[in-house]
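Structural description and commentary
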Amino acid sequence: MSSQHVKIFDTTLRDGEQSPGASMNLAEKLQVAHILKELGVDIIEAGFPIASPGDFESVQAIAREVHGPIICGLARCNPADIDRAGAAVKDAPLPRIHVFLATSAIHREFKLRMAKEEILRRAVEGVKRARDLIADVEFSPEDASRTELEFLAEVVEKVIEAGATTINLPDTVGYATPEQYGAIFAYIRKHVRGIENITLSAHCHDDLGMAVANSLSAIQNGARQIECTINGIGERAGNCALEEVVMALRTRADYYGIDTTINARKLYPASRLLSHVTGLAVQRNKAVVGQNAFAHESGIHQDGMLKERRTYEIMNPEDVGISRTELVLGKHSGRHALRQRVSDLGYHLSEEQLNRVFESFKTLADKKKVVYDADIEALAEAQIHSGPAVWTLEAVTCTGGSATIPSAVVALWHQEGRIVREAAYGDGPVDAVFKAIDLATGIHVNLIDFRIRSVSEGEDAQGEASVEAMYQDKVLSGRAVSTDIVEAAALAYLQVTNRVALRNRIALDRVKPTEVAADPELREAN
Ligand code: KIV
Ligand code: ZN
């Protein structure tokens, strides 16, 4: 416990992916897992294998392909969940099962309808079952920060006896304050037998904007694992932001005296990659990775910066992977330079995908004088998104303007080899395009948000379209880039449509309800 190293447990692909609009497909999750490995995280929580066949497959694929970090799968405290998590992570060189069960009075009474004795029994049985499958087992008493301290200590002691190797104390609803959260760790360290042999972990949500502060307080009170996500994405207001907690420890090493194995220069590429893959933009003033994090507007600050950078900057942008001078590529740049840039930007592409990026790069470089990082990100991303698309865009045309009724015609290829053409009127040209796509695919989603922005500089900049839409209570997002903004809009919308088409097909392929889904008690237990 006295170690001065804190493990970074990244849950972007599990807790983070639970945030609205953040769902990712397998190819996207693998990209994120690869950059997490490059970032040097100690543990990747790759998903919740029982949640869906897709979740299982992605945890399994990450366990098989991404070697270095521990690969962890989440499970509720029941045999079916635990076995599924064990099966998903078993091929990882370093597998972990993370079992959780709520312990607070409010969860016991209203969600689980279980007495304390039952919670204790189930927690112990769950941990033992997980230990029979995998040696590395983490246990989380969900809503720990609102659990009676004595009961919390009792549960923790019993699951350590049952074989848990890491104990995570979640502030599930972001209710704790730094002093109080730290005091829970101090109490558990003082009152639990065997605690000195396990790793204590913090898991904080940001409902009151205190997730990072709470995590740091936990560290000061003995936590040696922090659960966090890139850009702080996660349920509701999100989780503790990885880049913030890591840079706080690094910048204030004089105060905390604790280090991590994170390669900070990968923080910015990881943040960009996640935001591209999910379509969830990072707020401009976000600490460490926001667009304004190192921008100085006021004259006094600019003057100070010119005289001595440290007058107004406590971190060096280069240290988190932000370059003050962007490298640009042009039509004479070769394959090697492009490959290097793609990799520096955090993308992990196959040879075949790189070849396709190179082809598109040459076409783009012919149209534009200079190709910026944002353009290259867009080209690399197109490869990830070009996974199993049910519908692809053949052509789109539209008319608009104040003196005409906006209309559009789209031609789409269906995966089975047929082409479908449809025309529609709309409130504007983009609305008409979306309506024509709905008609062609037969899939209707409710648009929540649509944005267009330029991804690089200059008049010949590419336009990036982002679409957020609702389908059956789920928020789905799509993003696409093109030099033609109408085409970008159509492609982004089609990405959402494809997500729906793929889901519906997977659902049809696998309509075999699992034992867990059929069990009302277990269904309620989450
Ligand atoms: O917030 C929470 O309590 C969780 C647990 C599953 C660890 O995410
Ligand atoms: Zn959580």
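Located above this text is the structure these notes cover.
Just so we're clear, the structure is a prediction, and the values are computed from it rather than from any experiment.

**Here's the deal with the overall build of the protein**
From N to C terminus, the protein includes 19 helices and 14 strands. Relative to a compact globule of 526 residues, whose C-alpha radius of gyration would be 24 Å, the protein shows 24 Å and is just as compact. Taken along the three principal axes of its C-alpha coordinates, the protein extends 75 × 65 × 40 Å. Within the protein, buried positions represent 55% of all 526 residues. Looking at the protein, you have 58 positive and 74 negative side-chain charges, and the mean spots of the two groups are 2 Å apart.

**Remarks on the sheet that holds strand β8 (residues 225–228)**
Around the barrel, eight strands lie side by side as β1-β2-β3-β4-β5-β6-β7-β8; this closed barrel has parallel pairing. Sheet twist, expressed as the mean angle between neighbouring strand axes with direction ignored, is 25°. Both strand β4 (residues 95–102) and strand β5 (residues 137–142) contribute to a ladder of six bridges, which runs parallel. Each residue of the ladder has a partner; that of Ala-102, found in β5, is Glu-142. The sheet strands contacting helix α2 (residues 53–65) are β2 (43–47) and β3 (70–76), and the helix crosses β2 at an angle near 150°. Sheet strands in contact with helix α6 (residues 149–162) are β5 and β6 (166–171), and its direction is about 150° off that of β6.

**Some thoughts on the packing of aromatic side chains**
In the structure shown here, the tally under the stated rule is six aromatic pairs. Geometrically, the ring pair formed by Tyr-181 and Phe-185 is edge-to-face, given 5.0 Å between the ring centres and 75° between the ring planes. Here Phe-185 and Tyr-181 lie together in helix α7 (residues 178–191), a separation of four residues that amounts to about one turn. Overall, Phe-185 belongs to the buried group, its relative accessible area being 0%. Of the aromatic side chains, those joined through ring pairs into one cluster are Phe-434, Phe-450 and Tyr-493. The ring centre of Phe-56 lies 3.9 Å from the NZ or CZ of Arg-84, which sits over that ring.

**Here we look at the coordination of the zinc ion (ligand 2)**
The protein atoms that coordinate the zinc ion (ligand 2) are Asp-15 (OD), His-203 (NE2) and His-205 (NE2), at distances spanning 2.0 to 2.1 Å. Mapped onto the sequence, the residues coordinating the zinc ion (ligand 2) show the spacing D-x187-H-x1-H. Of this pair, Asp-15 sits in the loop between β1 (7–10) and α1 (26–39) while His-205 sits in the loop between β7 (199–204) and α8 (211–220); the two residues are 190 residues apart in sequence, bridging distant segments of the chain. Judged by relative accessible area, Asp-15 falls into the buried class, the value being 3%. Using a relative accessible area of 4% as the deciding quantity, one classes His-205 as buried.

**Topic: the side chain of Glu-468**
By the element assignment, Glu-468 lies in strand β13 (residues 463–471). For the buried Glu-468, no salt bridge is present, and the opposite-charge side chain at shortest range is Arg-451, 4.5 Å distant.

**A word on the site of ligand 1**
Lining the immediate environment of ligand 1, one finds Arg-14, Asp-15, His-98, Phe-100, Ser-140, Glu-142, Asn-168, Pro-170, Thr-172, His-203 and His-205. Thr-172 places a side-chain nitrogen or oxygen 2.7 Å from an oxygen atom of ligand 1. Take His-203: an N or O atom from its side chain is 3.1 Å from an oxygen atom of ligand 1. When the free accessible area of ligand 1 is taken as 260 Å², the share hidden by the protein chains comes to 95%. Looking at the shell around ligand 1, the elements that each hand over two or more residues are β4, β5 and β6.

**So, the sheet that holds strand β9 (residues 391–399)**
Spatial strand order, β9-β10-β11: three strands in an open sheet with antiparallel pairing. Edge positions in the sheet fall to β9 and β11 (419–425), since each of these pairs with one other strand and no more. Here the strands of the sheet are splayed against their neighbours by 15° on average, with no regard to which way each runs. Here strand β10 (residues 407–414) runs beside β11; their pairing, made up of seven bridges, is antiparallel. Of the residues in β11, the one forming a bridge with Val-410 is Glu-422.

**Observations concerning empty space enclosed by the protein**
By the definition in use, this model includes four cavities of 30 Å³ or more. Each pocket or cavity is described by its volume, and for the second largest cavity that value is around 50 Å³. As for the second largest cavity, its lining consists of Arg-335, Leu-338, Arg-339, Glu-351, Leu-354, Asn-355 and Phe-358. Ranked by residues supplied to the lining of the second largest cavity, first place goes to helix α14 (residues 351–367) with four residues. Here the residues of the lining of the second largest cavity are counted per class, giving three nonpolar, one polar and three charged.

**Concerning the side chain of His-34**
Within the secondary structure, His-34 sits in helix α1. With sequence-adjacent residues up to four places away left out, His-34 is seen in contact with Glu-65, Val-66 and His-348.

**Digging into the nonpolar core**
In this structure, Phe-139, Ile-167, Leu-169 and Ile-188 are the most contacted members of the largest nonpolar core, which totals 115 residues. Broken down by element, this core gets its largest block of residues, eight residues, from α6. When near neighbours in sequence (up to four residues on either side) are disregarded, Leu-169 contacts Pro-141, Ala-144, Leu-152, Val-156, Tyr-181, Ile-184, Phe-185, Ile-188, Leu-200, Ser-201 and His-203. In terms of nonpolar packing, the next biggest core, distinct from the first, is built from 33 residues, Trp-391, Leu-393, Val-410 and Val-445 among them.

**So, the packing of α7 against α8**
In a packed pair of helices, the relevant descriptors are the angle between the two axes and the axis-to-axis distance. At their nearest, the axes of α7 and α8 sit 8 Å apart, and the two run at 35° to each other. You can see that α7 and α8 cross each other, and the crossing is right-handed. Seen from α7, the contacting residues are Pro-178, Glu-179, Tyr-181, Gly-182 and Phe-185; seen from α8, they are Ala-213, Asn-214, Ser-217 and Ala-218. The residue makeup of the contact of α7 with α8, split by class, is five nonpolar, three polar and one charged.

Calculation notes
- Residues numbered from 1 in each chain as written.
- Chains lettered and ligands numbered in written order.
- Predicted model: local features only at pLDDT ≥ 70, side-chain atom pairs only at ≥ 80, totals over all residues.
- Heavy atoms only, no water.
- Helix = DSSP H or I, 4+ residues; strand = E, 2+ residues; numbered from the N terminus.
- Rg over C-alpha atoms; globule rule 2.2 N^0.38 Å.
- Buried < 20%, exposed > 50% of the residue type's maximum accessible area, 1.4 Å probe, protein only.
- Lys, Arg positive; Asp, Glu negative; His and termini not counted.
- Charge placed at Lys NZ, Arg CZ, Asp CG, Glu CD.
- Pairing = 2+ DSSP bridges.
- Axes fitted to C-alpha atoms, helices over the stretch in contact; angles between N-to-C directions.
- Contact = heavy atoms within 4.5 Å.
- Phe/Tyr/Trp six-rings, centres within 6.5 Å; stacked < 30°, edge-to-face > 60°.
- Lys NZ or Arg CZ within 6 Å of the ring centre and 35° of its normal.
- Donors = N, O, S within 2.8 Å, 3.2 Å for Na, K, Ca; no water.
- Salt bridge = Lys/Arg side-chain N within 4 Å of Asp/Glu carboxyl O.
- Near = heavy atom within 4 Å.
- Polar contact = N/O pair within 3.5 Å; in protein donor to acceptor, adjacent residues only side chain to side chain.
- Areas by Shrake-Rupley, 256 points an atom, 1.4 Å probe, with all protein chains shown as cover.
- 1 Å grid on protein atoms, 1.4 Å probe; cavity = no way out; pocket = protein on both sides within 12 Å on 5 of 7 lines; lining within 4 Å.
- Points joined across faces, edges and corners; volume = space filled by probe spheres on them.
- Nonpolar A, V, L, I, M, F, W, Y, C, P; charged D, E, K, R; others polar.
- Core = buried A, V, L, I, M, F, W, Y, C linked by side-chain atoms within 4.5 Å.
- Left-handed = near helix turned anticlockwise from the far one by under 90°.

Note that all results are geometric; they support no functional claim without further evidence.
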